[in-house]
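# Survey of secondary and tertiary structure
Now for the letters of each chain:
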Amino acid sequence: MNVVIVESPAKAKTINKYLGSDYEVIASFGHVRDLPPKDGSVDPDADFAMIWEADGRGAKRIAEIAKLVKGADKLILATDPDREGEAISWHLLEALKEKRVIKDMPVERVTFNAITKQAVQEAMASPRSIDTALVEAYLARRALDYLVGFRLSPVLWRKLPGARSAGRVQSVALRLVCERESEIERFRKKEYWSLVATLATPRGEAFEARLVGADGKKIQRLDVGTEAEARDFEKALAAAHFAVSSVEAKPARRHPYAPFTTSTLQQEASRKLGFAPARTMQVAQRLYEGTDIGGETVGLITYMRTDGVDVAPEAVSAIRDLIGKDFGARYLPNGPRKYTSKQKNAQEAHEAIRPTDARRHPREVARFLEPEQARLYELIWKRTVASQMESAELERTTVDIDATVGGLGTSMGRKLELRATGQVVKFDGFLTLYTEDRDDDGDDDDTKRLPATTVGEKLARQAIATTQHFTEPPPRYSEASLVKRMEELGIGRPSTYASTLQTLQDRDYVKIDKKRLVPEDKGRLVIAFLENFFERYVEYGFTAALEEKLDLVSNSELDWKALLRDFWRDFAAAIDETKELRVSDVLSALNDSLGPHIFPDKGDGTNPRTCPTCGTGALSLKLGKFGAFIGCSNYPECRFTRQLAAPGPDSDGDGPASAGADGTRKLGADPVSGLEVTVRDGRFGPYVQLGEGEKPKRSSLPKGMTPAGLDLERALALLELPKEVARHPESGNPILVGIGRYGPYVQHEKTYANLEKDDDILAIGANRAIDLVIAKESGAKSRFGRGAAPAGRELGDHPTLGGSVTVMAGRYGPYVKHGSVNATLPKGKDAASLTMDEAVPLLAARAETAGSGKKPPARGRSAAKAPAKAKAAAKSAAKPKTAAKPKVAAKAAAKPKADKPKA
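Residues numbered from 1 in each chain as written. Predicted model: local features only at pLDDT ≥ 70, side-chain atom pairs only at ≥ 80, totals over all residues. Heavy atoms only, no water.

## Here's the deal with the overall build of the protein chain
Counting its secondary structure elements, the protein chain contains 24 helices and 32 strands. Across the 903 residues that make up the protein chain, the buried fraction comes to 50%. Nonlocal contacts in the protein chain, meaning residues at least 24 apart in sequence, comprise 68% of its contacts between residues at least 6 apart. For the protein chain, the computed accessible surface area is about 43,200 Å², with 49% contributed by carbon and sulfur atoms. (Helix = DSSP H or I, 4+ residues; strand = E, 2+ residues; numbered from the N terminus. Buried < 20%, exposed > 50% of the residue type's maximum accessible area, 1.4 Å probe, protein only. Contact = heavy atoms within 4.5 Å. Areas by Shrake-Rupley, 256 points an atom, 1.4 Å probe, with all protein chains shown as cover.)

Spelled out as structure tokens, the structure:
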């Protein structure tokens, strides 16, 4: 018997069918060993000796594999065809050697670029040995990430309380986001005016032309800066005679885009489908590993971690046959298109990401796939087929127009110049199937079609549009545009982009707002610290150069230990220099670096650092146990504090403009008590407060809820926390929802379960609360955890609010989901037959119940009448006016593992 080891059980099942009874295919479930998260796992003093350790799951997996391998005829390592897959094979082989089960057994390495019968059989017929150079590149990369993470992160913890970690690639990506935010804050808008004339040919065909010159001088976009200038040109145009001075029509061709690489797939899936890079890779992984299509399990796409753009000749031939059959000979180029990667030192250069068989049309396989899989497969299929189609043929036309005012030889005479541009698609070519989206679309006059005109032809004026504009700041990065920028700079590699972006969000260094990456104060502090004290290690050029050296290692052109020694010499010295660094030095540097952000100019000439409470103290950055905040120099006499960012209108103009100097904003009066409800800016973040006094009732704002978007209704709902949302189906005791020191949670007796980031604490339903508690009590990961949630049945987009509406299967009954609102289906209602018309009223009722703070009706076993003891427990649990610290959550958060730095 031959034992084949792959990474995932889904792939194992598929490949086992292809290989037959002589083979036993088993999954490793990814890596089985790693560096322990403790000092000494990489020892620079011992020539970078590395200690590898298998955790409980890994050790168990190694034992299971060893048992199967013992007595086998041959071991075939078939992990993924990239650097990480090569490392997993190496780890497996080393671990099995330690257990002495290999002995004289033949060991082979094979890779599958696609999980199809033909690809698997061809790979098995061409085995090789483990690629030592790729393994050494992995070892160097892993050691570097460990040394940066585990040597630099403790410096952050000591000198910058509240910071979580630093990373070799992670910190440079964060710097990009923070620098863009600084550009936006420094931006000062500039006024400019545009003048556009609507003109008509003698045949009555109207078109628009823009003012581009006057009196022999060119006029650029920002040249008309005042209304007086604009009105002067408007007056001249109103009195002018218009005639065509030149017409130029140029043919042009637009060529198709190369097939997808990892980077371009993540970018387009973000733009077109709204997928985060991490989600794109999860869905692509499932398409690669295999799906049951009409009784046959087959991989639908080739391997999805690649920066190669080449396509196998047999695949190109099949695609060309499909184009000729489905689109016609006009859409088929004379010969196959060949693409080459523009990325220097492209690694993992397999084929581009493509369908394993282009004849599997998206509409034919959609019924076998989950909605997200079907959409991503269609995107990959269209891009791949379009890459082999004929170019689009265009005609770009430019019409120059003279606007003559009075006699040119007189003092009143002048000549203005206007220009109209347009573009006509003569033959759509590949555009009939696929058009690439852009991150930031602007006005594009070239897409307009112009009427036929001739030189000297007189034109009639129909209207003059004089419009005021203001320049706009550069846009924040989207996940797609950040990936693109990282690729341009040579930072990271295809397999790292998704995990890097996810780490920044998990560390609370950035947040996503309106699909854009916004740096959190914590992230800006970290970058300011690194730029002041470790500048070299967040430089784009240094990081890119290090990536190139790692690529040289993978090409057997550089010794990996030499690379580590060269890096460690300077990095260790930089770490040592911070030992004598005082916190006062850190604060001084950060006050200067972040001054424009934390003390923005008020615009009234006053000092932005003057304390708004005492009027004499100076505000400055302070470091506390839980992170940075702004405090007054007159402490303890003046106890004014606020968060890092200054209160006031935000960049979108929807900030709390009515907030007082200390960040307090009145929301209204509580209809029951008559006390005033306010939202305030405290040292540990924004919170709502009921009334005044020594111990007023308060509630923190959960993550994602901003003071600007808070109204009285939601504030009152927060002040009601903790509150009962369900009854436990077994004990009958209440399940409460509240906000603790570590965020929103649900509680049953002594069990606390944290809410997921997509849960709305004010809209959480009984089913969801029960699921979280049961999962925590059973020790299992919630089925709603990342990557674990089963796909529901999509009903479509909400008819009035937008966004997907999905029917989900809950542990204690089906429910319908829209955003963060989950509405339980009425008892007896079949989830399979639920329609959008039935779902919308259920969601509206649930949202209204959540907003009013009323308890949702119980259902199922949880609806049973609670005994007296349970009622007493509910009464006792409801007593606290503010959310107490959940003991279980606090204990979990205190574990070092939660804060261990990641590479």
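## Brief notes about the side chain of Glu-479
Along the chain, Glu-479 falls in helix H13 (residues 479–489). A polar atom in the side chain of Glu-479 sits 3.3 Å from the side chain of Gln-505. If we skip the residues at most four places from it in the chain, Glu-479 touches Ala-276, Pro-277, Leu-501, Gln-505, Ile-512, Lys-515 and Leu-517. (Polar contact = N/O pair within 3.5 Å; in protein donor to acceptor, adjacent residues only side chain to side chain.)

## Regarding the nonpolar core
Residues Val-69, Leu-75, Leu-160, Phe-529, Leu-530 and Phe-534 are the most contacted members of the largest nonpolar core, which totals 101 residues. Ranked by residue count, the leading element in this core is helix H5 (residues 132–159), at 14 residues. Excluding its chain neighbours within four sequence positions, the residues that come into contact with Phe-534 are Leu-152, Val-155, Phe-529, Ala-574, Ile-575 and Thr-578. Within the second largest apolar cluster, 57 residues are counted, among which are Ala-269, Leu-300, Tyr-331 and Phe-430. (Core = buried A, V, L, I, M, F, W, Y, C linked by side-chain atoms within 4.5 Å.)

## Section: the confidence of the model for the protein chain
When pLDDT drops low, the exact placement of atoms in the prediction is not to be read closely. Averaged over all residues, the pLDDT of the protein chain is 83; the fraction at 70 or higher stands at 86%. Residue range residues 648–661 is modelled with pLDDT below 50. Its contacts to residues more than four positions away, or to other chains, number 17 contacts. Across residues 780–791, confidence stays below pLDDT 50; counting only partners more than four residues off in sequence or on other chains, it has 28 contacts. (pLDDT = per-residue confidence, 0-100.)

## Details of empty space enclosed by the protein
Counted under the stated rule, the structure contains three cavities of 30 Å³ or more. Considering the residues around the largest cavity, the lining is formed by 14 residues, among which Val-148, Gly-167, Arg-168, Tyr-537 and Val-538 are closest to the centre. Of all elements in the fold, only H5, helix H16 (540–554) and helix H17 (560–577) reach the threshold of two or more residues within the lining of the largest cavity. Here the lining of the largest cavity takes three residues from H16, the largest share from any one element. Residues belonging to the lining of the largest cavity are distributed by class as follows: 10 nonpolar, three polar and one charged. (1 Å grid on protein atoms, 1.4 Å probe; cavity = no way out; pocket = protein on both sides within 12 Å on 5 of 7 lines; lining within 4 Å. Points joined across faces, edges and corners; volume = space filled by probe spheres on them. Nonpolar A, V, L, I, M, F, W, Y, C, P; charged D, E, K, R; others polar.)

## Considering the sheet that holds strand S21 (residues 665–669)
With antiparallel pairing, the four strands of this open sheet are ordered in space as S21-S22-S23-S24. Each end of this open sheet is capped by a strand with a single partner; those strands are S21 and strand S24 (697–700). Taking the axes of each pair of neighbouring strands and ignoring which way they run, one obtains an average angle of 25° across the sheet. Note that strand S22 (residues 676–682) and strand S23 (residues 685–690) share six bridges and pair antiparallel. Of the residues in S23, the one forming a bridge with Arg-680 is Tyr-687. Against the sheet, helix H20 (residues 712–719) engages S21, S22, S23 and S24, with an angle of about 105° to S24. (Pairing = 2+ DSSP bridges. Axes fitted to C-alpha atoms, helices over the stretch in contact; angles between N-to-C directions.)

## Focus on the pattern of salt bridges
For side chains of opposite charge, pairing can occur when their charged atoms come near one another. Inspection of the entire model under this criterion finds 50 salt bridges. Here Arg-180 and Glu-183 are joined by a salt bridge, their closest N and O atoms 3.8 Å apart. Residue Arg-180 and its partner Glu-183 are both found in helix H6 (residues 170–186); the two are separated by three residues, about one turn of the helix. Salt-bridge contacts for Arg-271 lead to Glu-268; the nearest nitrogen and oxygen are separated by 2.8 Å. Of the two residues, Arg-271 and Glu-268 both sit in helix H8 (residues 262–273), three residues apart, roughly one turn of that helix. On the accessibility criterion, Glu-268 (0% relative accessible area) is buried. Here the salt bridges share partners, and the residues they tie into one network are Arg-253, Arg-330, Arg-337, Glu-390 and Glu-393. (Salt bridge = Lys/Arg side-chain N within 4 Å of Asp/Glu carboxyl O.)

## What to know about the side chain of Asn-113
Residue placement: Asn-113 occurs in the loop between strand S6 (107–109) and helix H4 (117–124). Within the local environment of Asn-113, its side chain forms a polar contact with the side chain of Glu-351, the two groups lying 3.2 Å apart. Residues contacting Asn-113, with those up to four places away along its chain left out, are Tyr-288, Thr-302, Tyr-303, His-350 and Glu-351.

## Focus: helix H21 (residues 766–778)
The terminal C-alpha atoms of H21 lie 18 Å apart, and with 13 residues this matches the ideal 18 Å at 1.5 Å per residue to within 8%. Counting buried residues along H21, 10 of its 13 residues qualify, which places the element largely inside the surrounding structure. By the burial criterion, the buried members of H21 are Ala-766, Asn-767, Arg-768, Ala-769, Ile-770, Asp-771, Leu-772, Val-773, Ile-774 and Ala-775. (Expected span 1.5 Å × (residues − 1).)

## A closer look at the sheet that holds strand S2 (residues 23–27)
Spatial strand order, S2-S1-S5-S6: four strands in an open sheet with parallel pairing. Sheet topology places S2 and S6 at the edges, where each strand pairs with a single neighbour. Here the strands of the sheet are splayed against their neighbours by 20° on average, with no regard to which way each runs. Of the pairings in the sheet, the one linking strand S1 (residues 2–6) to strand S5 (residues 74–77) comprises four bridges and is parallel in character. Paired with Val-3 across the two strands is Leu-75, which belongs to S5. Strands S1 and S2 of the sheet are contacted by helix H1 (residues 9–19), whose axis makes an angle of about 170° with S2. Set on the sheet, helix H2 (residues 56–69) makes contact with S1, S2 and S5; between it and S2 the angle comes to about 175°.

## Digging into the environment of Thr-453
Checked against the element boundaries, Thr-453 lands in the loop between strand S14 (414–427) and strand S15 (458–470). Residue classification places Thr-453 among the buried residues on the basis of a relative accessible area of 13%. C-alpha separation for the pair Thr-453 and Val-399, spaced 54 residues apart in sequence, amounts to 8.1 Å. Once you skip the residues sitting within four places of it in the chain, Thr-453 turns out to touch Thr-201, Arg-203, Val-244, Val-247 and Val-399.

## Overview of helix H7 (residues 227–238)
The first and last C-alpha atoms of H7 sit 16 Å apart over 12 residues, in line with the 16 Å expected at 1.5 Å per residue. Of the surrounding secondary structure, the elements contacted by the buried residues of H7 are strand S7 (191–200), strand S8 (206–214), strand S10 (241–254), strand S13 (392–405), S14 and S15.

## Thoughts on the environment of Val-510
Mapped onto the fold, Val-510 is located in strand S16 (residues 510–513). Look at Val-510 and you get buried, because its relative accessible area is 3%. The spatial distance from the C-alpha of Val-510 to the C-alpha of Leu-174 is 7.9 Å, given a sequence separation of 336 residues. Apart from residues lying up to four places away in sequence, Val-510 is in contact with Leu-174, Val-177, Leu-504, Gln-505, Leu-517, Val-518, Pro-519 and Glu-520.

## Notes on unusual backbone geometry
In this chain, Tyr-635 is followed by Pro-636 through a cis amide linkage whose omega measures 10°. Here the residue pair Leu-721 and Pro-722 is connected by a cis peptide bond, since its omega of -5° sits within 30 degrees of zero. The phi dihedral of Phe-29 falls on the positive side, at around 60°, and the residue is not glycine. Examined against the element boundaries, Phe-29 turns out to sit in the loop between S2 and strand S3 (42–43). Of note in the backbone geometry, Phe-48 takes a positive phi value of approximately 60° without being a glycine.

## Focus on the packing of aromatic side chains
Each aromatic ring pair is described using two quantities: the centre-to-centre distance and the angle formed by the ring planes. Enumeration according to the criterion identifies 17 aromatic pairs in this entry. Arranged with centres 4.6 Å apart and planes meeting at 20°, the rings of Tyr-146 and Phe-150 form a pair that is stacked. Here Tyr-146 and its partner Phe-150 are both found in helix H5, four residues apart, which amounts to about one turn of the helix. Each of the two residues, Tyr-146 as well as Phe-150, counts as buried. An angle of 85° between the planes, with centres 5.3 Å apart, marks the rings of Tyr-537 and Phe-542 as edge-to-face. (Phe/Tyr/Trp six-rings, centres within 6.5 Å; stacked < 30°, edge-to-face > 60°.)

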